[in-house]
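Spelled out, the chains give:
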There are 2 protein chains.
Amino acid sequence: MAPDKKEVLLVALGGNALIQKGQEGTVEQQFENLAVPVGQIARLSRRYRIIITHGNGPQVGNLLLQQESCELVPRLPLEILVAQTQGQIGYMIESSLDSQLMELGILAKPLVSLISYVVVDENDPSFANPTKPIGPVYSEEEAARLPYPTLKTPKGFRRVVVSPRPVTIVEKREIRKLIEKDFIVICCGGGGIPVIREGRSFCGVDAVIDKDLASARLAEEVGVDIFLIATDVKGVALHYGTPQEVFLEKLSAAEARRHLEAGHFPAGSMGPKIEAAVQFAEARHRRSIICSIAEIAAAVDGRAGTQFG
Amino acid sequence: MAPDKKEVLLVALGGNALIQKGQEGTVEQQFENLAVPVGQIARLSRRYRIIITHGNGPQVGNLLLQQESCELVPRLPLEILVAQTQGQIGYMIESSLDSQLMELGILAKPLVSLISYVVVDENDPSFANPTKPIGPVYSEEEAARLPYPTLKTPKGFRRVVVSPRPVTIVEKREIRKLIEKDFIVICCGGGGIPVIREGRSFCGVDAVIDKDLASARLAEEVGVDIFLIATDVKGVALHYGTPQEVFLEKLSAAEARRHLEAGHFPAGSMGPKIEAAVQFAEARHRRSIICSIAEIAAAVDGRAGTQFG
């Protein structure tokens, strides 16, 4: 990197950037919620080159529900629904950011939202063992009638899908070129559209990729300097939710791995975030951060969140 | 333009590039249909810099139908559904084109699919008079219960929406930069996500923009050399569908305007395509073409379709 170039910051926005707990998730609510992270990112774009990725859990769940309520339209596989959420959320983030940049008088910065697909390994062990719950909650009787595997969760039965590990981001070369030209790039929404390589072509698969693991892969492949995961808690804690809770301001990759292996972090939530943060910090010898949506700017400056490295 | 630079070709793909008449429109059918135009575009990318735009009629109709069948999920305004179809169709075109480029050994060409939004005028006369039919056909009783305006069409009652004229493509500057760097760019899907400018921000509106008019606007704003509209007929004909039918291989902008004003072309189908072709040819003094999906390459070489200019 030329010495005069700004560092590259990747911000992975959690689902709560758009829909917060207990909200119905109207479009108005989603735009209002987005103003908090996007305002901070707009200001950070003066000092950093920016990549934004995002989750899609509630949105893809809604599309599934709608699809299942309607017999008149051919069902679409999950990878197409992920693509639809990239369009929806990509637009919402891009137009929010456009407005905030105009507000700040940052008028010359190019900004794009890209469709992204991500190669997974057809021999990934998760294909034999779908475990990721998505979409609505069913009763045992309803679940028995569904044409796909379900799993009993604390709330009830939910559809479970394959969640393979991301191997490579198809658009990495394009994203690298855009970042090089100081574009702000929104990409890899919902972990990316999962595809397998079949000879000389790509073929979509009925699966979803973890958004934080895909973001870490992208951060490595594009050569990011700071990898930040923004979520609904202020960072990593041991004994989370108990009287013994201890917040961790700093965490070495080795310690984090030890805590992960000791089962400190639940598989469905903080686990993959910490795994993603550690993977990036070890591969690039650079900083990763887990922080709350409200403290993105403070965490980049080292004043909030959990700092890995 | 530097003399060593390739000309820029914009191909606007009609809805039949994905779903053909009488088809249910499964994902397999859509990918199979796409191979025809996309194979030709992949080969043309050796000689031209390429922009691809596309329609979304059946896809946005399906999303509307699904949304109306499901009470559990908050309804999304039309502009969000357009954004969803940009994700879906953008992914389908991009991955098909990626496969075809690999097949041809064209490995170094960057390729992106962009979310695009398009500014419309809040005083556009169409806001007072929604006329564009979209989505499913209803009985008179069903139509009376719907929360939005409907219109009696030959098939039955259909929802009608506002269809304002495109004023400017928000991402035009980004698209220009990408084309300059020889990226293939897929954008302006479904005519673009319609927004109005409110002070320093953009605000989505419940409307759809004509895909061919938006593509013509983009072609002017980006400085395209050839503007090609690919559809389900081989070009422009007078007395279409009658024994007097005359196919037109060439058409000057002035003649085309005369025929348009004489009411030769129906408002819902060939009319806006001819208007778009004429608008571009007059503004840029360059060639526009209307041709069939199967004859894109021949039409670029002047051996098929109707050539304007």
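All values derive from a computational prediction rather than experimental measurement. (Residues numbered from 1 in each chain as written. Chains lettered and ligands numbered in written order. Predicted model: local features only at pLDDT ≥ 70, side-chain atom pairs only at ≥ 80, totals over all residues. Heavy atoms only, no water.)

### Looking at the overall build of chain A
Line of reasoning, step 1. Within chain A, the regular secondary structure consists of nine helices and 17 strands.
Line of reasoning, step 2. Since a compact globule built from 309 residues should have a radius of gyration of about 19 Å, the 19 Å found for chain A is in line with a globular shape.
Line of reasoning, step 3. Along the first, second and third principal axes, the C-alpha set of chain A runs to 60 × 45 × 45 Å.
Line of reasoning, step 4. Burial statistics for chain A: of 309 residues in total, 60% are counted as buried. (Helix = DSSP H or I, 4+ residues; strand = E, 2+ residues; numbered from the N terminus. Rg over C-alpha atoms; globule rule 2.2 N^0.38 Å. Buried < 20%, exposed > 50% of the residue type's maximum accessible area, 1.4 Å probe, protein only.)

### Here we look at the environment of Ala267 of chain B
Residues and elements named next belong to chain B.
Line of reasoning, step 1. On the secondary structure map, Ala267 appears in the loop between α7 (253-261) and α8 (270-284).
Line of reasoning, step 2. By relative accessible area, which is 70% here, Ala267 ends up exposed.
Line of reasoning, step 3. Between the C-alpha atom of Ala267 and that of Leu72, which follows or precedes it by 195 residues, the distance is 37 Å.

### Some points on the packing of aromatic side chains
Line of reasoning, step 1. Applying the stated rule across the entire model yields eight aromatic pairs over all chains.
Line of reasoning, step 2. Relative to Tyr91 of chain B, the ring of Tyr117 of chain A has its centre 5.6 Å away and its plane inclined at 75 degrees; by these criteria the two rings are edge-to-face. Of this pair, Tyr117 of chain A sits in strand β4 (residues 117-120) while Tyr91 of chain B sits in helix α3 (residues 78-103), which puts the two residues in different chains.
Line of reasoning, step 3. The exposure class of Tyr117 of chain A is buried, given its relative accessible area of 0%. (Phe/Tyr/Trp six-rings, centres within 6.5 Å; stacked < 30°, edge-to-face > 60°.)

### Some thoughts on the packing of helix α5 (residues 172-180) of chain A against helix α6 (residues 211-222) of chain A
All names here are of chain A.
Line of reasoning, step 1. Relative orientation of the contacting elements α5 and α6 amounts to 60 degrees, with a least axis distance of 10 Å. Here the hand of the crossing between α5 and α6 comes out right-handed. Note on element contacts: α6 touches α5 through Leu218, Glu221 and Val222, opposite Lys172, Ile175 and Arg176.
Line of reasoning, step 2. Within the contact of α5 with α6, the residues separate by chemical class into three nonpolar, no polar and three charged. (Axes fitted to C-alpha atoms, helices over the stretch in contact; angles between N-to-C directions. Left-handed = near helix turned anticlockwise from the far one by under 90°. Contact = heavy atoms within 4.5 Å. Nonpolar A, V, L, I, M, F, W, Y, C, P; charged D, E, K, R; others polar.)

### Observations concerning the interface of chain B and chain A
Line of reasoning, step 1. With 56 residues of chain B at the contact, the number on the chain A side is 56 residues.
Line of reasoning, step 2. Across the chain B/chain A interface, buried area totals approximately 4,800 Å², and carbon plus sulfur atoms make up 64% of it.
Line of reasoning, step 3. Counting the surface chain B buries against chain A, the share from its top three residues, Gln66, Tyr91 and Arg200 of chain B, is 15%.
Line of reasoning, step 4. Across the contact surface, chain B and chain A share zero salt bridges.
Line of reasoning, step 5. Linking chain B with chain A are 18 residue pairs in polar contact (both at pLDDT 80 or more), by the criterion used here.
Line of reasoning, step 6. Elements with a minimum of two residues in the side of chain B that touches chain A: α2 (57-68), α3, β3 (111-113), α5 (172-180), β10 (193-198) and β11 (201-204) of chain B. (Buried area = accessible area lost by both parts, 1.4 Å probe. Salt bridge = Lys/Arg side-chain N within 4 Å of Asp/Glu carboxyl O. Polar contact = N/O pair within 3.5 Å; in protein donor to acceptor, adjacent residues only side chain to side chain.)

### Digging into the side chain of Ser99 of chain A
Line of reasoning, step 1. With respect to the secondary-structure elements, Ser99 of chain A resides in helix α3 (residues 78-103).
Line of reasoning, step 2. If we skip the residues at most four places from it in the chain, Ser99 of chain A touches Arg200, Ser201 and Phe202 of chain B.

### As for the domain arrangement of chain A
Residues and elements named next belong to chain A.
Line of reasoning, step 1. Per the domain assignment, the segments of chain A are domain 1 (3-118 + 171-302) and domain 2 (125-161).
Line of reasoning, step 2. When each unit is reduced to the centre of its C-alpha atoms, the spacing between domain 1 and domain 2 is 25 Å.
Line of reasoning, step 3. Contacts between domain 1 and domain 2 engage nine residues on the former and 10 residues on the latter.
Line of reasoning, step 4. Taking both partners together, domain 1 and domain 2 bury about 800 Å²; carbon and sulfur atoms supply 68% of that area.
Line of reasoning, step 5. Considering only the side of domain 1, the residues that lose the most area to domain 2 are Leu64, Glu68 and Val208, jointly responsible for 44% of the buried surface there. (Domains from an automatic or database assignment.)

### Observations concerning the sheet that holds strand β7 (residues 156-161) of chain B
All names here are of chain B.
Line of reasoning, step 1. Spatially, three strands are ordered β5-β7-β6 in an open sheet, and the strand pairing comes out antiparallel. Every interior strand has two partners, whereas the edge strands, β5 (132-138) and β6 (150-153), have only one. Ignoring which end each strand starts from, the neighbouring axes of this sheet average 40 degrees apart.
Line of reasoning, step 2. Both β5 and β7 contribute to a ladder of five bridges, which runs antiparallel. Across the sheet, Ile134 pairs through a bridge with Arg159, a residue of β7.
Line of reasoning, step 3. Contacting β5 and β7, α2 runs over the sheet at an angle of about 50 degrees to β5. (Pairing = 2+ DSSP bridges.)

### Points about the relation of the copies chain B and chain A
Line of reasoning, step 1. With an axial shift of 0.0 Å and an RMSD of 0.0 Å, the rotation relating chain B to chain A amounts to 180 degrees. The superposition of one copy onto the other is thereby described by a two-fold rotation axis.
Line of reasoning, step 2. Comparing interface residues between copies, 100% of those in chain B also lie at the interface in chain A; the contact surface is shared. (Least-squares fit on C-alpha atoms with pLDDT ≥ 70 in both.)

### Structural notes on the pattern of salt bridges
All names here are of chain A.
Line of reasoning, step 1. Within the structure shown, the criterion is met by 32 salt bridges over all chains.
Line of reasoning, step 2. Of the charged contacts in the structure, one is a salt bridge between Lys6 and Asp182, with a shortest N-O distance of 3.7 Å. Pair noted here: Lys6 is in the segment before β1 (8-13) and Asp182 is in the loop between α5 and β9 (184-186), with a separation of 176 residues, a long-range link.
Line of reasoning, step 3. Residue classification places Lys6 among the partly exposed residues on the basis of a relative accessible area of 24%.
Line of reasoning, step 4. Residue classification places Asp182 among the partly exposed positions, given a relative accessible area of 24%.
Line of reasoning, step 5. When salt bridges with common partners are traced through the structure, they connect Lys6, Lys109 and Asp182 into a single cluster.

### Some remarks on the pairing of strand β12 (residues 226-231) of chain B
All names here are of chain B.
Line of reasoning, step 1. Burial within β12 is extensive, with six of its six residues counted as buried.
Line of reasoning, step 2. Side chains Ile226, Leu228 and Ala230 of β12 all project onto a buried face; the interleaved residues Phe227, Ile229 and Thr231 project onto the opposite face, where all are buried too.
Line of reasoning, step 3. Strand direction decides the pairing type here: strand β1 (residues 8-13) and β12, joined by five bridges, are parallel. Each residue of the ladder has a partner; that of Ala12, found in β12, is Ile229.

### A closer look at the nonpolar core
The nonpolar side chains of soluble globular proteins are, as a tendency, buried together.
Line of reasoning, step 1. Counting 112 residues, the largest nonpolar core has Leu13 and Leu228 of chain A together with Leu13 and Leu228 of chain B as the members making the most contacts within it.
Line of reasoning, step 2. Once you skip the residues sitting within four places of it in the chain, Leu228 of chain A turns out to touch Leu9, Leu10, Val11, Ala12, Ile289, Cys291, Ile296, Ala299 and Val300 of chain A.
Line of reasoning, step 3. With 93 residues, the next largest nonpolar core counts Ile196, Ala214 and Ala219 of chain A together with Ala277 of chain B among its residues. (Core = buried A, V, L, I, M, F, W, Y, C linked by side-chain atoms within 4.5 Å.)

### Concerning α2 of chain B
Line of reasoning, step 1. In this model α2 of chain B runs 17 Å from its N-terminal to its C-terminal C-alpha over 12 residues, within 8% of the 16 Å that 1.5 Å per residue would give.
Line of reasoning, step 2. For α2 of chain B, the set of buried residues is Gln59, Val60, Gly61, Leu63, Leu64, Leu65, Gln66, Gln67 and Glu68 of chain B.
Line of reasoning, step 3. Structurally, α2 of chain B contributes buried residues whose contacts are with α2 (57-68) and α3 of chain A together with α1 (27-44), α3, β5 and β7 of chain B. (Expected span 1.5 Å × (residues − 1).)

### Considering the packing of α2 of chain B against α3 of chain B
For any two helices packed against each other, the geometry is given by the interaxial angle and the distance between the axes.
Residues and elements named next belong to chain B.
Line of reasoning, step 1. With their axes 9 Å apart at the nearest point, α2 and α3 run at an angle of 125 degrees to one another. Between α2 and α3, the interaxial angle falls into the category oblique. The two elements α2 and α3 cross, and the hand of that crossing is right-handed. Taking contact as the criterion, the partners of Gln59, Val60, Leu63, Leu64 and Gln67 in α2 are, on α3, Leu78, Leu81, Val82, Gln84, Thr85, Gln88 and Ile89. (Parallel < 35°, antiparallel > 145°, perpendicular 65-115°, else oblique.)

### Here we look at the sheet that holds strand β9 (residues 184-186) of chain B
Residue and element names in this part refer to chain B.
Line of reasoning, step 1. Strands sit in the order β3-β9-β2-β1-β12-β16-β17-β15 across an open sheet of eight strands; the sheet is mixed. Each edge of the open sheet is held by one strand with a lone partner, namely β3 and β15 (250-251).
Line of reasoning, step 2. Pairing analysis gives six bridges linking β1 to strand β2 (residues 49-54), with the strands arranged parallel. Its bridge partner lying in β2, Val11 is registered against Ile52.
Line of reasoning, step 3. Each of β1, β2, β3 and β9 touches α5; the most contacted strand, β2, lies at about 140 degrees to it.

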